[in-house]
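Commentary on secondary and tertiary structure
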Amino acid sequence: MRNAKPDTMQAAAIDRFGGAELVTVRAVPVPEVGPSDVLIRVEVAGVASWDALEREGLYDGAFGMPSTFPYVLGWDCAGAVVAVGSQVSRFKEGDRVYAASMPLPKGGTYATDAVTDADNVSLIPAKLTIEQAGVMGWDALTALSGLEEVGDTIMIFGASGGIGHMAIQLAKRLGARVLAVASGDDGVALSQRLGADAVVNGRKDDVVAAAREFAAGGLDAALVTVSSEAADRALTSVRDGGRVACPHGAMPDPKVRPGVELIRYNGARSQDATDKLNRLIDSGPFDVHVARTFPFDRVVDAHRALATHYVGKLALRVS
């Protein structure tokens, strides 16, 4: 390992699965930095819906390894490189980076220091703030993975959420016309500002009628980030031979008719995927909308906010 590694760090962790009140900030050992790893001094961590599921134990055993406690939560972060493993040449101490990591096996990103494989790390695009970069990684990569072979017309269901609001912008860069189905008046306003060609309020508008007006011959594709009966009704607007992409974690499975392909997927997490994402971000204006930022000692409030209505992303200011 090159550069010095601290022995302990402050981290937001749980000692057992359960509610938000179980998350506490305490001192824990800094994970070991392997030959292919990067140690990041975290400034901002993303707070995402799947963090709550993980906190409750719904991912226990899902990654092929046992959960160990204290369990440090958090999948996304941004900060500065503190140290790199012996096989890492792409990064050096002081580089400003973001990462799409995962809590196992070396701990999550709700910590002053995070360790992850260098393939999960990227330099921060110049146009993004540290808060935007800190919350972006997994949602943006998941959005991009769901937009493969996007076609000419696409409906994004859940367009004002973390994945959805980035998917609007990425789909436009890939040449598609976008029908955004957003949540609430604030979600409609955000989707409009981000360049969707048409926007409907999924809480009160007739989405099927809007989709038929948007694409008379049927939509080429749909990206569903929030599964629901309303989403299932909207998917009747996808044409025969069209495709519906839905990331794992959005449950239950969307219902599609015969002749429409349902694709369940995980966001690609690799150097190639991140390089592609960064190129698309650099190609024009790109907004990662941060609804609220919480100080580190209010991590419990951040987790409780996950159960409320908001648009975009939530952030945790670690340092």
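Look up: the structure comes first, before these words.
What you see is a predicted model, and the numbers here were worked out from it, not measured in a lab.

1. Examining empty space enclosed by the protein
- Applying the stated criterion across every chain, the model contains one cavity of 30 Å³ or more.
- Contributing to the lining of the largest cavity are Ile40, Cys77, Ala99, Ser101, Gly107, Gly108, Thr109, Ala114, Val115 and Thr116.
- Ranked by residue count, the leading element in the lining of the largest cavity is strand β7 (residues 113–117), at three residues.
- Here the residues of the lining of the largest cavity are counted per class, giving five nonpolar, five polar and no charged.

2. Quick look at the environment of Ala230
- With respect to the helices and strands, the residue Ala230 is situated in helix α6 (residues 229–234).
- As for Ala230 and Leu316, which are separated by 86 residues in sequence, their C-alpha atoms are 32 Å apart.

3. Looking at the packing of aromatic side chains
- A full pass over the atoms with the stated rule returns eight aromatic pairs.
- Where Trp50 meets Trp75, the ring centres are 6.4 Å apart and the plane angle is 70°; that geometry is what we call edge-to-face. Of the two residues, Trp50 is situated in helix α1 (residues 49–55) and Trp75 in the loop between β4 (71–72) and β5 (76–84); the sequence distance between them amounts to 25 residues.
- Residues Tyr59 and Phe63 carry aromatic rings whose centres are separated by 5.9 Å and whose planes lie at 80° to one another, so their mutual orientation is edge-to-face.
- Tyr59 gets classed as buried once you look at its relative accessible area, which sits at 19%.
- Overall, Phe63 belongs to the partly exposed group, its relative accessible area being 25%.
- These aromatic residues form a ring-pair network of at least three members: Trp50, Tyr59, Phe63, Trp75 and Trp138.
- The side chain of Arg177 reaches across the aromatic face of Phe214, ending 4.1 Å from its centre.

4. Structural notes on helix α5 (residues 207–214)
- Three or more residues of α5 are buried, namely Val207, Val208, Ala210, Ala211 and Phe214. An end-on view of α5 places all buried positions within 160° of arc, on one side of the element. Seen from the open side of α5, the exposed residues pointing more than 90 degrees away from its buried face are Arg212 and Glu213.
- For α5, the elements touching its buried residues are β9 (153–157), β10 (177–182), β11 (198–201), β12 (219–224) and α6.
- The opening residue of α5 is Asp206, an N-cap whose side-chain oxygen sits 3.3 Å from the backbone nitrogen of Val208.

5. Examining helix α7 (residues 271–282)
- For α7, built from twelve residues, the straight-helix expectation of 16 Å at 1.5 Å per residue is met to within 8% by its first-to-last C-alpha distance of 16 Å.
- Among all positions in α7, only Ala273, Thr274, Leu277, Asn278, Leu280 and Ile281 are buried. Buried residues of α7, seen end-on, are gathered within an arc of 160° and therefore sit on one face of the element. Turned more than 90 degrees away from the buried face of α7, the exposed residues are Asp272 and Arg279.
- Looking at the packing, one finds that the buried side of α7 touches β6 (96–100), β8 (121–123), α2 (130–145) and α3 (162–173).

The rules behind these values
- Residues numbered from 1 in each chain as written.
- Predicted model: local features only at pLDDT ≥ 70, side-chain atom pairs only at ≥ 80, totals over all residues.
- Heavy atoms only, no water.
- 1 Å grid on protein atoms, 1.4 Å probe; cavity = no way out; pocket = protein on both sides within 12 Å on 5 of 7 lines; lining within 4 Å.
- Points joined across faces, edges and corners; volume = space filled by probe spheres on them.
- Helix = DSSP H or I, 4+ residues; strand = E, 2+ residues; numbered from the N terminus.
- Nonpolar A, V, L, I, M, F, W, Y, C, P; charged D, E, K, R; others polar.
- Phe/Tyr/Trp six-rings, centres within 6.5 Å; stacked < 30°, edge-to-face > 60°.
- Buried < 20%, exposed > 50% of the residue type's maximum accessible area, 1.4 Å probe, protein only.
- Lys NZ or Arg CZ within 6 Å of the ring centre and 35° of its normal.
- Arc of directions from axis to C-beta.
- Contact = heavy atoms within 4.5 Å.
- Polar contact = N/O pair within 3.5 Å; in protein donor to acceptor, adjacent residues only side chain to side chain.
- Expected span 1.5 Å × (residues − 1).

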